[in-house]
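Residue-level structural notes
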Amino acid sequence: MKKALLLTLVLTLLTALIPAAQADSGLPTVDKALKGKQKGRIEVVNELDKYLYTNPGEFEMKGLKCIILERVWPEPAFEMSDVSFANGTFVPKDTGPAKVYLRKDWMEALPKQMRATSMKEASFLVVAENIYRLEQQIIHTEYKDAGAESIPGSITTVEEMAEYLAEHPKEPDKITYKTLYTAYAMVGLYDREDGTWVSYDSDRKQSPIQCKNREAGDKWASMQDALILSKILRTKEGRPSVKELSAMLETLIWLDETNAKKIGDQITAKKYTKAADALDKVFWSMARELQKLDKDKEAQSWYKKLLKEKDPDALALYANLRDYYAITTPDEEIIRDKLYFGPYDPARLEELTLELIEEFKGVV
């Protein structure tokens with residue numbers, strides 16, 4: 001039985017937020033640590049249970065008395081399922097409580113009048129934290145018949161190639177989905193009273209796992225989205241409403257502002273064919289970029305023919321054959337080397353926090 005691993009984007013972003021359990025009773029509370037003589041980074045009892053970035057709010061100046069904390073969420077678990085995590089029902093495994101640290105060192109950079117001396121006095125909690133989000137997944141497929149793995153040398157035309165690939169499809173037997181997390185270094189302000197959150201800034205690091213050609217895979221994934229919407233726009237029976245089509249267009253976050261506005265205006269005006277034509281133009285422009293990203297000489301030759309013929313279905317058959325997200329790394333190595341999630345970046349958290357403190361100084 002042949003097997004294949006590939007990486008795919010998870011359409012629904014899922015958050016690995018684990019309920020924060022209280023830490024060891026021997027740790028000081030935030031208030032005690034504020035009054036104590038210990039300096040620098042001090043682990044404290046976790047008092048942030050109600051403060052989650054999934055509860056957005058608005059920033060209003062309230063005297064701006066702050067406490068600066070660092071919250072370190074536990075590393076996520078490497079999990080497998082026979083159901084795609086993109087369906088929105090997946091709940092990440094609880095691997096332990098978050099740790100919280102009072103950052104007296106960062107608070108020393110605050111203007112004195114902005115430093116709260118207790119949780120009760122604080123109007124806002126500045127929290128620097130690492131967040132893990134499930135944004136991609138590995139798809140491990142076992143095949144009854146792996147179908148075509150390459151194009152025979154006797155085939156020379158796009159029409160022959162498309163016919164051959166259509167006649168030799170892959171026949172899956174079993175599919176397993178595996179988690180890949182993106183790590184966010186995130187700094188924001190939590191309203192101390194109601195727990196609502198306002199973002200200041202964040203940075204992201206994807207899983208470092210290596211696939212066959214991530215750049216080409218990302219490009220082809222975006223192209224597929226454009227192709228699907230183009231076909232929907234050309235469908236007369238059962239075509240979605242203008243509002244639904246506009247929402248679909250908004251999901252193409254990689255689309256440049258000029259084309260997004262142009263196509264959006266055409267959809268609003270119900271000029272569906274023109275909107276589809278514009279998307280097709282974007283698709284073939286991206287196909288030229290895809291050709292450059294695939295350095296294989298044979299692939300270069302086939303993309304040259306496909307760009308000349310402009311047959312989107314044939315291009316789809318060939319791009320899928322190239323299997324850009326293919327992964328050969330064994331699970332044991334992925335777990336051992338922690339390749340399934342982006343790394344925690346305390347240096348970036350500190351940089352973002354100090355930038356926010358500089359912003360604060362400008363309003364004093």
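Fair warning: this is a prediction, and the values are worked out from it, not measured in the lab.

1. Quick notes on a negative patch on the surface
A cluster of acidic residues, Glu 159, Glu 160, Glu 163, Glu 167, Glu 309 and Asp 311, forms a negative patch on the protein surface. Of the residues forming the negative patch, the biggest block, 4 residues, is contributed by helix α3 (residues 158-167). Tracing the backbone shows Asp 311 in the loop between α8 (297-309) and α9 (312-322).

2. Things to note about helix α11 (residues 346-361)
Relative to the 22 Å expected for 16 residues at 1.5 Å per residue, α11 spans 23 Å between its end C-alpha atoms, a close match to the ideal helical length. Turning to α11, its buried residues number three or more, namely Arg 348, Leu 349, Leu 352, Thr 353, Leu 356, Ile 357 and Phe 360. Looking at the buried positions of α11, the neighbouring elements they touch are β3 (66-72), α2 (104-107), β6 (124-145), β7 (171-191) and β8 (197-205).

3. Side note on the side chain of Arg 71
Along the chain, the position of Arg 71 falls in strand β3. At 3.2 Å, the side chain of Arg 71 and the backbone oxygen of Leu 48 are in polar contact. Dropping the residues within four chain positions of it, Arg 71 is found in contact with Leu 48, Tyr 51, Leu 52, Ala 98, Lys 99, Val 100, Val 127, Ala 128, Glu 129, Asn 130 and Tyr 190.

4. Notes on the packing of aromatic side chains
Within the structure shown, the criterion is met by 8 aromatic pairs. Measuring from centroid to centroid gives 5.8 Å for Tyr 51 and Tyr 190, while their planes differ by 70 degrees, and the two rings are edge-to-face. Taken together, the residues Tyr 51 in the loop between β2 (41-44) and β3 and Tyr 190 in strand β7 connect sequence positions 139 residues apart. Across this residue pair, the class does not change: Tyr 51 and Tyr 190 are buried. With a centroid separation of 5.3 Å and an interplanar angle of 50 degrees, the aromatic rings of Phe 78 and Tyr 340 are classed as tilted.

5. Focus: the pairing of β2
Residues of β2 alternate between two faces, with Ile 42 and Val 44 buried on one and Arg 41 and Glu 43 left unburied on the opposite face. Of the strand pairs in this sheet, β2 and strand β5 (residues 99-103) are connected by 4 bridges, and their pairing is antiparallel. Along β5, the bridge assignment pairs Arg 41 with Arg 103.

6. Overview of the packing of helix α7 (residues 272-293) against α8
Relative orientation of the contacting elements α7 and α8 amounts to 165 degrees, with a least axis distance of 9 Å. Relative to α8, the element α7 lies roughly antiparallel. Crossing angle aside, the handedness with which α7 passes α8 is left-handed. Across the interface between the two elements, Trp 284, Ala 287, Arg 288, Leu 290, Gln 291 and Lys 292 of α7 pack against Gln 300, Tyr 303, Lys 304, Leu 306 and Leu 307 of α8.

7. Quick notes on the nonpolar core
Side chains that are nonpolar tend, in soluble globular proteins, to be buried together. In terms of nonpolar packing, the biggest core is built from 43 residues, with Trp 220, Leu 233, Tyr 303, Leu 315 and Tyr 318 touching the most fellow members. Those elements that provide at least two residues to this core are α3, α4 (214-234), α5 (242-250), α6 (257-268), α7, α8 and α9. Those residues in contact with Tyr 318 that lie beyond four places of it in its chain are Ile 151, Met 161, Leu 165, Glu 298, Ala 299, Trp 302, Tyr 303 and Leu 306. Counting 42 residues, the second largest nonpolar core, distinct from the first, contains Leu 64, Ala 185, Leu 189 and Phe 360.

8. Let's talk about the environment of Lys 178
Tracing the chain through its elements places Lys 178 in strand β7. By relative accessible area, Lys 178 is classed as buried at 2%. For the pair Lys 178 and Leu 321, spaced 143 residues apart in sequence, the C-alpha to C-alpha distance is 21 Å. Within the structure, the side chain of Lys 178 is placed 3.3 Å from the side chain of His 140, a separation counted as a polar contact.

So, how was this worked out
Residues numbered from 1 in each chain as written. Predicted model: local features only at pLDDT ≥ 70, side-chain atom pairs only at ≥ 80, totals over all residues. Heavy atoms only, no water. Patch = residues over 30% accessible without salt bridge, like charges linked within 9 Å, V, L, I, M, F, W, Y side chains within 5 Å. Areas by Shrake-Rupley, 256 points an atom, 1.4 Å probe, with all protein chains shown as cover. Salt bridge = Lys/Arg side-chain N within 4 Å of Asp/Glu carboxyl O. Lys, Arg positive; Asp, Glu negative; His and termini not counted. Charge placed at Lys NZ, Arg CZ, Asp CG, Glu CD. Helix = DSSP H or I, 4+ residues; strand = E, 2+ residues; numbered from the N terminus. Expected span 1.5 Å × (residues − 1). Buried < 20%, exposed > 50% of the residue type's maximum accessible area, 1.4 Å probe, protein only. Contact = heavy atoms within 4.5 Å. Polar contact = N/O pair within 3.5 Å; in protein donor to acceptor, adjacent residues only side chain to side chain. Phe/Tyr/Trp six-rings, centres within 6.5 Å; stacked < 30°, edge-to-face > 60°. Pairing = 2+ DSSP bridges. Axes fitted to C-alpha atoms, helices over the stretch in contact; angles between N-to-C directions. Parallel < 35°, antiparallel > 145°, perpendicular 65-115°, else oblique. Left-handed = near helix turned anticlockwise from the far one by under 90°. Core = buried A, V, L, I, M, F, W, Y, C linked by side-chain atoms within 4.5 Å.

Taken by themselves, the reported measurements are silent on function.
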